[in-house]
There are 2 protein chains.
Amino acid sequence: MAAITPEMNQILRRLPQAERERLYPHLRLVSMPLGAVIYESGARLRHIYFPTDCIVSLLYVLKNGASAEIAVVGNEGAVGVSLFMGGETTPSRAIVQSSGQAYRLTGARLTQEFERHGEMLHALLRYTQSLITQMAQTAVCNRHHALEQQLCRWLLLSLDRLGGDELRMTQELIANMLGVRREGITEAAGRLQKLGVIRYARGRIKVLDRPRLEQLSCACYFAVKSESDRLLGTG
Amino acid sequence: MAAITPEMNQILRRLPQAERERLYPHLRLVSMPLGAVIYESGARLRHIYFPTDCIVSLLYVLKNGASAEIAVVGNEGAVGVSLFMGGETTPSRAIVQSSGQAYRLTGARLTQEFERHGEMLHALLRYTQSLITQMAQTAVCNRHHALEQQLCRWLLLSLDRLGGDELRMTQELIANMLGVRREGITEAAGRLQKLGVIRYARGRIKVLDRPRLEQLSCACYFAVKSESDRLLGTG
DNA sequence: GCAGTTATGTTCGCCGGCGTACGGACGTCG
DNA sequence: CGACGTCCGTACGCCGGCGAACATAACTGC
């Protein structure tokens with residue numbers, strides 16, 4: 001396994017050298033185990049996290065326990081945007097969907113850097129806008145598209161953030177993310193498997209035919225991806 | 001009718017005097033007629049708008065024409081946040097839902113003010129966070145709540161931004177906003193009318209029993225409102 | 001290798017929202 | 001005052017996702 005470096009996070013990598021040198025001493029590498037809650041709804045945030053090789057889901061949880069994922073964050077972004085947006089808390093929950101590591105920064109350091117009005121500010125704002133796009137697209141998708149399409153979209157978004165063609169995730173967890181029943185995922189995943197698009201076995205999903213998966217997905221995937229590429233720059 | 005002043009917009013009103021004096025000469029009062037498209041999906045934004053007595057809906061429109069409202073903006077906020085977020089465009093459409101007037105600022109002036117790093121920047125960022133909350137809550141609401149509850153939420157959010165107890169809006173338009181069939185609205189509104197909560201007639205809705213309306217709404221309304229109050233300050 | 005837990009497959013009735021279609025009521029403008 | 005357009009009410013079949021319940025199969029720990 002390659003060593004973890006801050007450059008594995010795209011926001012950090014694109015900072016000018018001066019800012020990187022100023023920031024790096026304050027970055028702390030932390031491990032992000034599967035299922036860990038990075039922040040809870042309404043709790044005061046203490047750090048911002050820059051994922052390197054993990055994925056974090058932003059979830060809204062209703063009082064009755066029902067939930068829905070509103071965005072997913074990988075090495076293209078950061079977890080805890082409300083720290084610099086000024087709110088300090090958000091009504092959402094952030095939970096590690098795929099384990100790995102992340103660099104974190106204390107809220108105070110972040111604010112300090114933010115107030116210098118350098119590239120970090122603009123990078124974070126652009127990222128936040130791509131996050132907004134993702135949330136909005138999720139809202140429309142929840143309204144109009146079939147579960148199977150949403151599953152395809154979700155798989156693609158997760159794969160993009162992981163690299164490779166495999167991810168570990170039970171149907172139960174996917175159902176929580178998408179805000180649907182587990183049985184619905186079983187059926188949809190069964191259909192995809194029958195089509196030869198994926199292979200599924202006890203929490204291991206392998207994508208066999210990515211082009212086909214993209215065909216079966218709704219356009220929401222491309223909308224999110226192209227806007228993200230536009231705002232954050234490719235590569 | 002009272003004269004329109006910039007202070008009718010809550011973001012402008014809360015700016016320190018120095019910033020207000022600097023900005024006011026550049027504000028231009030424009031009329032916002034019902035149905036006007038403030039910006040189109042993907043189009044380059046030229047101005048940011050600060051509503052005084054109108055309501056603007058942010059819509060996502062799919063290729064097949066289906067749509068869904070992802071947020072609604074009144075005098076508590078601004079239309080065109082992507083201007084300072086760095087993206088310049090967004091994949092959404094902004095359309096006037098209730099006519100009135102707004103102050104607008106050119107993108108260049110806005111950027112100029114934004115870069116001064118004064119209160120305007122923080123006010124806009126806090127507002128953007130409340131917008132994010134609204135979008136996320138809409139996504140969950142679309143997933144889990146019944147149409148009737150969503151209608152109540154929508155009525156309440158619109159009323160809050162208008163003041164008073166009446167709004168003009170056909171069922172057809174409401175259906176577009178919520179991303180459902182017109183018939184669904186007819187039925188839900190019919191039930192509310194039978195309960196004596198609203199009175200409905202040819203594009204005129206009058207709320208007769210607001211407390212009841214709040215009861216029938218999902219908690220999403222309160223979630224959005226309380227977060228908005230927290231971030232923007234009440235009054 | 002057995003027991004208990006976890007993950008997946010399957011069924012059945014139910015209901016809310018969709019697509020479609022039609023009819024009636026109100027308003028307005030010539 | 002009559003014709004047309006807008007707005008609203010209603011009906012019917014359809015289907016996807018829900019809720020609940022149960023069956024199997026694969027891992028895990030002992």
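Structure: see above.
Structure report, in brief.

Criteria and cut-off values
Numbers given to residues run from 1 along each chain, matching the order in which its sequence is written. Labels are handed out in written order, letters beginning with A for the chains and numbers beginning with 1 for the ligands. The predicted origin of the model limits local features to residues at a pLDDT of at least 70 and limits the giving and counting of side-chain atom pairs to 80 or more, whereas totals for whole chains, interfaces and linings rest on all residues. Counting from the N terminus, the helices are DSSP H or I runs at least four residues long and the strands are E runs at least two residues long. To sort residues by burial, count the other C-beta atoms lying within 10 Å of each one's C-beta; a count of 20 or more means buried, 12 or fewer means exposed, and anything in between means partly exposed. C-beta atoms are built from the backbone. Two residues qualify as a contact pair if the distance between their C-beta atoms, derived from the backbone, is within 7 Å. To obtain an axis, a line is fitted to C-alpha atoms, over the contacting stretch when the element is a helix, and the angle between two such axes runs from 0 to 180 degrees between their N-to-C directions. Small angles under 35 degrees read as roughly parallel and large ones over 145 as roughly antiparallel, with 65 to 115 read as roughly perpendicular and the rest as oblique. Crossing handedness: left-handed means the near helix sits turned counterclockwise from the far one by under a right angle, and right-handed means the same turn made clockwise. Three categories are distinguished: nonpolar for Ala, Val, Leu, Ile, Met, Phe, Trp, Tyr, Cys and Pro, charged for Asp, Glu, Lys and Arg, and polar for the others, with Gly belonging to the last. Here, nearness is defined through the C-beta atom: a residue counts as near a molecule or strand if that backbone-placed atom lies within 6 Å of it.

### Focus: the environment of Thr89(A)
All names here are of chain A.
Phase 1: Looking at where Thr89 falls in the secondary structure, it is placed in the loop between helix 3 (82–85) and strand 6 (93–98).
Phase 2: Residue classification places Thr89 among the partly exposed residues on the basis of 18 C-beta atoms within 10 Å.
Phase 3: Along the backbone, Thr89 and Ser41 are 48 residues apart, and their C-alpha atoms lie at a distance of 7.6 Å.
Phase 4: Those residues in contact with Thr89 that lie beyond four places of it in its chain are Gly42, Ala43, Arg44, Leu45 and Ser82.

### Details of the packing of helix 7 (residues 171–178) of chain B against helix 8 (residues 182–194) of chain B
Residues and elements named next belong to chain B.
Phase 1: Running from amino to carboxyl end, helix 7 crosses helix 8 at an angle of 110 degrees, the nearest separation of the two axes being 8 Å. As the angle between them shows, helix 7 and helix 8 are arranged roughly perpendicular. Once helix 7 is placed against helix 8, the crossing between them reads as right-handed. Of the residues in helix 8, those touching helix 7 at Gln171, Glu172, Ile174 and Ala175 are Arg182, Gly184, Ile185, Thr186 and Ala189.

### Considering the interface of chain B and chain A
Phase 1: The interface is formed by 34 residues belonging to chain B together with 34 residues belonging to chain A.
Phase 2: For the side of chain B that touches chain A, the secondary structure elements donating two or more residues are strand 5 (67–73), helix 3 (82–85), helix 5 (119–144) and helix 10 (220–232) of chain B.
Phase 3: Looking at the side of chain B that touches chain A, the element that brings in the most residues is helix 5 of chain B, giving 16 residues.
Phase 4: Of the residues assigned to the side of chain B that touches chain A, the class counts are 16 nonpolar, 14 polar and 4 charged.

### Re the protein's contact with DNA strand D
Phase 1: Not every one of the 17 residues close to DNA strand D is listed here, only the nearest: Ala146(A), Leu147(A), Arg181(A), Thr170(B) and Gln171(B).
Phase 2: Mapped by element, the contributors of at least two residues to the surface near DNA strand D are helix 8 (182–194) of chain A together with helix 7 and helix 8 of chain B.
Phase 3: It is helix 8 of chain B that provides the largest number of residues to the surface near DNA strand D, a total of 4 residues.
Phase 4: Here the surface near DNA strand D is composed, by residue class, of 5 nonpolar, 6 polar and 6 charged.

### What to know about the protein's contact with DNA strand C
Phase 1: Close to DNA strand C lie 17 residues, the nearest being Thr170(A), Gln171(A), Ala146(B), Leu147(B) and Arg181(B).
Phase 2: Take the surface near DNA strand C: its biggest share by element is 4 residues, from helix 8 of chain A.
Phase 3: Partitioned by chemical class, the residues of the surface near DNA strand C number 5 nonpolar, 6 polar and 6 charged.

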